[in-house]
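Chain by chain, the residues run as shown.
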Amino acid sequence: MPRIDLTGKAAVVTGAGRGLGLAYARALADRGASVVVNDVDEEAAGQAVKAITEAGGTAVAEVVPVGTAEAADRLVGRAVEAFGRLDVLVTNAGILRDKVLWKMTDDDFDAVISTHLRGTFTCARAAAVRMREQGEGGTLILVGSPAGQRGNFGQTNYAAAKAGIAAFARTWSMELARAGITVNAIVPVAATAMTETIPAFAPYVEALKRGEPLPGFLRKGEGFGTPEDCAALVPFLASDAARGITGQAIGIGGDKVSLWSHPQELRTAYADGGWTPETLAEAWGTSVGAQPETVGIPAPKVGEA
């Protein structure tokens, strides 16, 4: 099997100073891509660039919070200035402001939507403009979450943003197809600052920090691993080997990779002349509503073989 080679390609990875974003940036650079490392933390961005260059890769930093059109233009401009082109965009930047609905403030909601949803939109728009001008296709990799696929308690803002990002991928895959630009959402599950707050995962994340490997029931059963475990998907999707893959939501974590379904009708029922509230009430439990869909991210089966 030939090695995936991204030599000559230029990429922007947002939120790449640490965690998953850093793993994505390093994976791209390891396969030959030149990378713009974006972060709001100047020191983290600088350390990420240093790590990439010391490993033989090529990277520059651009410190700016994503969300505005001006920030997106700066990121694309930095790639063009430093590397002469832009081929890959990974929209990883994000923040959390978790609260239940009745306690969530406008600022809590707006901050998360601005970074995740608007930041993905503005960066993707700027990248699409540049890629269409180049006329050689390109790759947009949008970072989603299981919360956006299933909902998650206390994450009104985050789940809504991530659900919107999956919808972006489906929509933009159609709009950008003629330009040869693929668009996919990835759904990573990894030991990060966010997942270590989940009680079932916390002891295993702490053990991982001590250098202990994650057990197989987590890596396979839960698809839970390190940020580096998730990173392989990014250079794959950026490569010629994935030119036919677009509009998909792809999960990865630990030893597991998966394809998420898109929302679709599961069951239907019909009433001649249309429905009334009464006929809906009578038919619901024995037809379309006989097996309601579950909500929320399933609790980890921690400790099971």
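The residue numbers shown here count from 1 along each chain, following its written sequence. Under the rules for a predicted model, residues below a pLDDT of 70 receive no local features and side-chain atom pairs below 80 are neither given nor counted, while totals for whole chains, interfaces and linings still include all residues. Heavy atoms from the whole structure form the basis of all side-chain values; hydrogens and water molecules are not counted.

**Regarding the sheet that holds strand β3 (residues 58-63)**
- DSSP-based pairing: two strands are paired if at least 2 bridges between them are found. Secondary structure elements are taken from DSSP: a helix is a run of H or I of four residues or more, a strand is a run of E of two residues or more, and numbering for both begins at the N terminus. Taken in spatial order, the eight strands make up an open sheet running β3-β2-β1-β4-β5-β6-β7-β8, and their pairing is mixed. The outermost strands of the open sheet, each flanked by one partner alone, are β3 and β8 (256-259). Taken over all neighbouring pairs, the strand axes of this sheet differ in orientation by 20° on average, direction set aside.
- In terms of strand pairing, strand β1 (residues 10-13) meets strand β4 (residues 88-91) through three bridges, oriented parallel. Its bridge partner lying in β4, Val13 is registered against Val90.
- Along the sheet, helix α3 (residues 69-83) contacts β1, β2 (34-39) and β3; its crossing angle with β3, the most-contacted strand, is approximately 150°.
- It only takes one pair of heavy atoms within 4.5 Å for two residues to be counted as in contact. Orientation is described by lines fitted to C-alpha atoms, with helices fitted over the stretch in contact, and by angles between N-to-C directions that extend from 0 to 180 degrees. Running at roughly 175° to β4, helix α4 (residues 106-134) makes contact with β4, β5 (138-143) and β6 (181-188) of the sheet.

**Topic: the nonpolar core**
- Definition of nonpolar core: a set of buried residues of the types Ala, Val, Leu, Ile, Met, Phe, Trp, Tyr and Cys, connected through side-chain atoms within 4.5 Å. The rule is simple: take the accessible area with a 1.4 Å probe, protein chains only, and divide by the maximum for that residue type; under 20% is buried, over 50% is exposed, in between is partly exposed. Counting residues in each nonpolar core, the largest one holds 35 residues, and the members touching the most others are Val13, Tyr24, Leu28, Val35, Val37, Val90 and Ile186.
- Considering each element in turn, this core owes the most residues, eight residues, to helix α1 (residues 19-30).
- Ignoring anything within four residues of it in the chain, the contact list for Tyr24 reads Val13, Val90, Asn92, Val143, Ile186, Pro188, Cys230, Ala231 and Val234.
- Listed in part, the 30 residues of the second largest apolar core include Leu86, Leu89, Ala93 and Ala124.

**Details of the layout of surface pockets**
- Using only the protein atoms, space was sampled on a 1 Å grid; points where a 1.4 Å probe fits but cannot get out form cavities, open sets with protein on both sides within 12 Å along at least five of seven lines form pockets, and lining residues are those with an atom within 4 Å of a point. Grid points are joined across faces, edges and corners, and a volume is the space filled by probe spheres set on the points. The calculated volume of the second largest pocket comes to roughly 430 Å³.
- Lining of the second largest pocket is provided by 15 residues; of these, Gln149, Ser261, His262, Pro263 and Glu293 occupy positions nearest its centre.
- Mapped onto the lining of the second largest pocket, the elements with two or more residues apiece are α5 (146-150) and α6 (156-175).
- In this count, Pro and Cys sit with the nonpolar residues alongside Ala, Val, Leu, Ile, Met, Phe, Trp and Tyr, while Asp, Glu, Lys and Arg are called charged and the others, Gly among them, polar. Taken together, the residues of the lining of the second largest pocket sort by class into six nonpolar, six polar and three charged.

**Digging into the packing of α1 against helix α2 (residues 42-54)**
- In the contact formed by α1 and α2, the axes pass within 10 Å of each other and the chain directions differ by 25°. The angle between α1 and α2 falls in the class roughly parallel. α1 and α2 meet at a crossing whose hand is right-handed. Contacts between α1 and α2 involve Leu22, Ala25, Arg26 and Ala29 on the former and, on the latter, Ala48, Ala51 and Ile52.
- For the contact of α1 with α2, the per-class residue count stands at six nonpolar, no polar and one charged. Roughly parallel refers to an angle under 35 degrees, roughly antiparallel to one over 145, roughly perpendicular to one between 65 and 115, and oblique to any angle outside these ranges. In this scheme the crossing of two helices becomes right-handed for a clockwise turn of the near helix relative to the far one and left-handed for an anticlockwise turn of less than a right angle.

**Quick word on the pattern of salt bridges**
- Take a side-chain nitrogen of Lys or Arg and a carboxyl oxygen of Asp or Glu: if they are within 4 Å of each other, that pair is a salt bridge. A complete count under the given rule lists 14 salt bridges for this structure.
- Here Glu81 and Arg78 are joined by a salt bridge, their closest N and O atoms 3.4 Å apart. Pair noted here: Glu81 and Arg78 are both in helix α3, with a separation of three residues, about one helical turn.
- Linking Asp229 and Arg219 is a salt bridge whose minimum nitrogen-to-oxygen distance equals 2.8 Å. Here Arg219 lies in helix α8 (residues 216-221) and Asp229 lies in helix α9 (residues 227-231), a separation of ten residues in the sequence.
- The network of salt bridges with common partners includes Glu62, Arg74, Arg78 and Glu81.

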